[in-house]
Amino acid sequence: GAGVSQSPRYKVAKRGQDVALRCDPISGHVSLFWYQQALGQGPEFLTYFQNEAQLDKSGLPSDRFFAERPEGSVSTLKIQRTQQEDSAVYLCASSFRGMGLVTDTQYFGPGTRLTVL
Amino acid sequence: QKEVEQNSGPLSVPEGAIASLNCTYSDRGSQSFFWYRQYSGKSPELIMSIYSNGDKEDGRFTAQLNKASQYVSLLIRDSQPSDSATYLCAVKNTNAGKSTFGDGTTLTVKP
């Protein structure tokens, strides 16, 4: 497909479980972003990759959150020891160019809805 | 105070009317401004981007930017029921890769 894809689309985890969320960006896109969107709120930035380099992880809420993009394409967001407050939609976005370019457009995937019981 | 502020709404307009959505931001270094539409249960979809002061028109949509007032708006002319959604304002500082979003304004267009 031509767009950003994410899997799984829905994930239910028991508190304390580890989860892994996958993002496949648009082919050739340099930049990849992860956002967390709680119900009724806008997306909140988590982390940003330019190719395989994680340039900004200032939005990761705790050390339980970890993201990687080892080959500069697919990315995985891992959450360890999930808590109820981690319940949200996790959105991945990609853009063609890198940081510093004003006109770079982010394209969002469908998101993964995580529910922690 | 959030970096990007929007009225949460809901904003309700009759079909065919003009819907006006507003957004203010606090980072004076912001240089890129975006409006996304998000249907319930779906991901954000970019509908307008604006980078310089003034108006930018695209079909029924007009984005307006005033950097001195740190204000950006979206006008939707001839509103249709299919425009009913949450509209997210986002700003980007050139020196940062991320976009900062407001919490969105929910728009309902009544037939």
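Relevant structure appears above.
Rules used throughout
- Residues numbered from 1 in each chain as written.
- Chains lettered and ligands numbered in written order.
- Predicted model: local features only at pLDDT ≥ 70, side-chain atom pairs only at ≥ 80, totals over all residues.
- Heavy atoms only, no water.
- Pairing = 2+ DSSP bridges.
- Helix = DSSP H or I, 4+ residues; strand = E, 2+ residues; numbered from the N terminus.
- Axes fitted to C-alpha atoms, helices over the stretch in contact; angles between N-to-C directions.
- Core = buried A, V, L, I, M, F, W, Y, C linked by side-chain atoms within 4.5 Å.
- Buried < 20%, exposed > 50% of the residue type's maximum accessible area, 1.4 Å probe, protein only.
- Contact = heavy atoms within 4.5 Å.

Enquirer: Describe the sheet that holds strand 8 (residues 75-79) of chain A, naming the residues involved and giving the relevant values.
Expert: All names here are of chain A. With respect to topology, four strands assemble into an open sheet ordered 1-3-8-7, the strand pairing being antiparallel. Looking at which strands have only one partner, the edges of the open sheet turn out to be strand 1 (5-7) and strand 7 (65-68). Strand-to-strand twist across the sheet, computed as the mean angle between neighbouring axes with direction ignored, equals 15°. Both strand 3 (residues 19-24) and strand 8 contribute to a ladder of five bridges, which runs antiparallel. By the bridge assignment for strand 8, Leu21 is matched with Leu77.

Enquirer: Before we move on, could you go through the nonpolar core and cite the residues and values that matter?
Expert: Here is a general trend for soluble globular proteins: nonpolar side chains tend to be buried in one another's company. Residue and element names in this part refer to chain B. Phe33, Trp35, Val72, Leu74, Ile76, Tyr87 and Leu107 are the most contacted members of the largest nonpolar core, which totals 23 residues. Of all the secondary structure elements, the ones that give two or more residues to this core are strand 3 (19-25), strand 4 (30-38), strand 5 (45-50), strand 7 (61-66), strand 8 (71-76), strand 9 (85-93) and strand 11 (105-110). With residues up to four places along the chain from it excluded, the contact list for Tyr87 reads Gln6, Leu21, Trp35, Tyr36, Arg37, Ile47, Leu74, Ile76, Gly104, Thr105 and Leu107.

Enquirer: Give a detailed account of unusual backbone geometry, specifying residues and quantitative values.
Expert: In this structure, Pro8 of chain A follows Ser7 of chain A across a cis peptide bond, with omega equal to -10°. Positionally, Pro8 of chain A belongs in the loop between strand 1 and strand 2 (10-13). Between Gly9 of chain B and the following residue, Pro10 of chain B, the backbone shows a cis peptide bond with an omega angle of 10°. Structurally, Pro10 of chain B is set in the loop between strand 1 (4-6) and strand 2 (11-14). Of note in this structure, Asn51 of chain A is not a glycine but carries a positive phi near 55°. Locating Asn51 of chain A in the fold gives a position in the loop between strand 5 (44-50) and strand 6 (53-56). Positive phi outside glycine occurs at Asp78 of chain B, with the angle close to 50°. Within the secondary structure, Asp78 of chain B is located in the loop between strand 8 and strand 9.

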